[in-house]
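Next come the chains, spelled out residue by residue.
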Amino acid sequence: MNKYAIFLGCTVPVRAQHYELSARNVAKELGIDLVEMSGASCCGFPLKAVDAETALLVAARNISLASKIKLDVVTLCNSCTAMLSDAQIQLNTEEFHSKFKKVGLSYPHEVRVRHFVRMLYEDIGIDKIGEAVKKPLNGLKIMPHYGCHYMRPSQLYGFDNTETPHTLDELVSVTGAESVNYADKKMCCGGSVLGVDEELAIKMANHKLSIAKENGVDAIASICPFCTVMYEDNQRKAEAQFETQYGIPVLYYPQLLGLSLGLDANAVGLKFNRIKSDSMMEKLTR
Amino acid sequence: MIDLRKSDPQFKWEIAKREGGEGLLKCFGCSDCAASCPVRYFDERYNPRKIIRFTLLGMKDIVLKSPFLWFCAHCHACTERCPQGIRVAELINAIKNYAVEQGYCPDGYKMQLDLLMKMGRLYEVEDFDLKKRQRIGLPPIDKTIPEVAKILESTDILKVLKK
Ligand code: SF4
Ligand code: SF4
């Protein structure tokens, strides 16, 4: 049995419940046990630009919760993954560990931190996922969007290829959908710039939206709530700023995977997506 | 114009001794970071190499007061490409941390700190959210996590922001 502590962070449990719901239901289908992390807080990432060390302590406190129940951590947000992974590595240095102990925390058992999607790729594997696919998403064109902190910095992760990532492409393909290959796959969504210069952030998001449109994709597959904020919640703004029409659904990868595993639209929370995926779903029932 | 008479020779050492800043002196100005930077690609006012160059030259005021310092998305595209193995995103972040200590913290970050002090999270968990979670079959979550405030009180972060 694959068993993990699930770290939700700030955004997913209140703003992206459909992501959480689909991930949990996919986990059930694939025999993955997700254990709650009672007392988990913000990952600490929002504090990093202000004071990296404080951010690391907040992150490390979350890791200590998983450490106490002796479970590796899976996360649903790219930035949470980066922040917790960084803290996990820092916990092995004497300097940081002593600061950590000073605030009354403990790390009794070594635990790993990975993105939920990476865990699917590494621990379940493409073959086993393929065997579980009951309703292949044949005929759909899906554009995978990795986001920055899924595989960068490589020093932290040592996973996938930072220039030409492929793991999410493979995970999309195994659902039966076509994973669209495109240039600039590693491009940032612009989310971190949103609070600083909205027009610039929208420009960055628009870049991939326009590539998605050129390729006639049925949906973008996202694995991070911030990227979804940029591509889905701000899609209207991009349309206005660039005087164009998109109407491109943005689904969380576990929603797509869930559909291919035979889960229904409710079980993957499809009605909570802001941009409706009716025409995509119609293709599937045809 | 850059006026070198206003340069602070200590500035680069202040940055280089910080976690993440250790690579600063190795920069040879190749611009690979700027070439790989997505923010730079869309807005030329932002340039990581320039920030690093000005830091090396001791142009402290220009670097710390520049609104563009905060344009860095911390995406690590530069880190992957730097031929000198400098953790460029962490270096820029170290400069941001130093700017905060020197009194230049954007309001948005202060607001986030307030939220974390109060709730341990960025978004309030309202009864509505808890009900929705229950309705769709998601487990309950903690509304507030007071332990976060304890950590924030134990470090210098509140003092720095003069809370
Ligand atoms: S890529 Fe590295 S060495 Fe080149 S300018 Fe940027 S920081 Fe300096
Ligand atoms: S981390 Fe900052 S400087 Fe580096 S490529 Fe990304 S936005 Fe540019």
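Residues numbered from 1 in each chain as written. Chains lettered and ligands numbered in written order. Predicted model: local features only at pLDDT ≥ 70, side-chain atom pairs only at ≥ 80, totals over all residues. Heavy atoms only, no water.

A. View of the layout of surface pockets. The computed volume of the largest pocket comes to approximately 1100 Å³. What lines the largest pocket is a set of 46 residues, and nearest its centre among them are Phe45(A), Gly191(A), Ser192(A), Phe226(A) and Gln112(B). Taken together, the elements giving at least two residues each to the lining of the largest pocket come down to α1 (11-15), α4 (78-90) and α11 (225-233) of chain A together with α7 (88-101) and α8 (107-119) of chain B. Of the residues that constitute the lining of the largest pocket, the class distribution is 30 nonpolar, 13 polar and three charged. When its volume is computed, the second largest pocket comes out at roughly 810 Å³. Those elements giving two or more residues to the lining of the second largest pocket turn out to be α3 (52-68), α4, α5 (94-102) and α8 (154-157) of chain A together with α7 and α11 (157-160) of chain B. The residue makeup of the lining of the second largest pocket, split by class, is 14 nonpolar, eleven polar and twelve charged. (1 Å grid on protein atoms, 1.4 Å probe; cavity = no way out; pocket = protein on both sides within 12 Å on 5 of 7 lines; lining within 4 Å. Points joined across faces, edges and corners; volume = space filled by probe spheres on them. Helix = DSSP H or I, 4+ residues; strand = E, 2+ residues; numbered from the N terminus. Nonpolar A, V, L, I, M, F, W, Y, C, P; charged D, E, K, R; others polar.)

B. Spotlight on the pairing of strand β7 (residues 219-222) of chain A. Residues and elements named next belong to chain A. Along β7, one buried face is formed by Ala 219 and Ala 221 and the opposite face, lined by Ile 220 and Ser 222, is buried too. Pairing analysis gives three bridges linking strand β5 (residues 141-144) to β7, with the strands arranged parallel. Bridged to Ile 142 within β7 is Ala 219. Pairing between β7 and strand β8 (residues 250-252): three bridges, direction parallel. Each bridged residue has a counterpart across the sheet, and for Ala 221 the counterpart in β8 is Leu 251. (Buried < 20%, exposed > 50% of the residue type's maximum accessible area, 1.4 Å probe, protein only. Pairing = 2+ DSSP bridges.)

C. Just the interface of chain B and chain A, in detail. Each side of the interface is counted separately: chain B has 50 residues, and chain A has 53 residues. Roughly 4500 Å² of surface becomes buried between chain B and chain A when both sides are summed, with 66% attributable to carbon and sulfur atoms. Linking chain B with chain A are five salt bridges. A salt bridge links Arg133(B) to Glu20(A); its shortest N-O distance comes to 2.7 Å. In this assembly, chain B and chain A are joined by 22 residue pairs in polar contact (both at pLDDT 80 or more). Contributing elements (two or more residues each) for the side of chain B that touches chain A: α3 (38-42), α6 (77-81), α7, α8, α9 (127-135) and α10 (147-154) of chain B. Classifying every residue of the side of chain B that touches chain A by side-chain character gives 27 nonpolar, eight polar and 15 charged. (Contact = heavy atoms within 4.5 Å. Buried area = accessible area lost by both parts, 1.4 Å probe. Salt bridge = Lys/Arg side-chain N within 4 Å of Asp/Glu carboxyl O. Polar contact = N/O pair within 3.5 Å; in protein donor to acceptor, adjacent residues only side chain to side chain.)

D. Seen up close, the pattern of salt bridges. Residues and elements named next belong to chain A. Within the structure shown, the criterion is met by 29 salt bridges over all chains. For Glu 122, the salt bridge goes to Arg 112, with nearest N and O atoms at 3.9 Å. Of this pair, Glu 122 sits in helix α6 (residues 116-124) while Arg 112 is found in the loop between α5 and β4 (113-115), placing the two residues ten residues apart along the sequence. With relative accessibility at 34%, the residue Glu 122 sits in the partly exposed group. For Lys 283, the salt bridge identified is with Asp 218, shortest N-O distance 2.6 Å. In this pair, Lys 283 is assigned in helix α14 (residues 278-285) and Asp 218 in the loop between α10 (198-214) and β7, connecting sequence segments 65 residues apart. You can call Lys 283 partly exposed: its relative accessible area is 31%. Bridged by salt links that share partners, the residues Arg 112, Arg 114, Arg 118, Glu 122 and Asp 123 form one connected network.

E. Representation of the site of ligand 2 within the structure. Residues and elements named next belong to chain B. Not every one of the 13 residues close to ligand 2 is listed here, only the nearest: Cys 37, Tyr 46, Cys 72, Cys 75 and Cys 78. Of all the elements in the fold, those that place two or more residues in the shell around ligand 2 are α3 and α6. When the residues that make up the shell around ligand 2 are grouped by side-chain class, the tally is eleven nonpolar, two polar and no charged. (Near = heavy atom within 4 Å.)

F. Region of interest: the confidence of the model for chain B. The pLDDT averaged across chain B works out to 94; a share of 98% of its residues lies at or above 70. Model confidence for the complex: the whole-complex pTM is 0.96, and ipTM, which rates the interface, is 0.96. (pLDDT = per-residue confidence, 0-100.)

G. Representation of the packing of helix α2 (residues 17-29) of chain A against α9(B) within the structure. At a closest axis distance of 11 Å, the pairing of α2(A) and α9(B) adopts a crossing angle of 30°. Judged by the angle between their axes, α2(A) and α9(B) are roughly parallel. As α2(A) runs across α9(B), the sense of the crossing is right-handed. Across from Gln17(A), Glu20(A) and Arg24(A) in α2(A), the residues of α9(B) making contact are Asp129(B), Lys132(B) and Arg133(B). (Axes fitted to C-alpha atoms, helices over the stretch in contact; angles between N-to-C directions. Parallel < 35°, antiparallel > 145°, perpendicular 65-115°, else oblique. Left-handed = near helix turned anticlockwise from the far one by under 90°.)

H. Looking closely at the sheet that holds β5(A). All names here are of chain A. Pairing is parallel across the open sheet formed by four strands, whose spatial order is β6-β5-β7-β8. One side of each edge strand has no neighbouring strand; the edge strands of this open sheet are β6 (178-179) and β8. In the packing of helix α13 (residues 253-260) onto the sheet, contacts are made with β5, β7 and β8, and the angle to β8 comes to roughly 75°.

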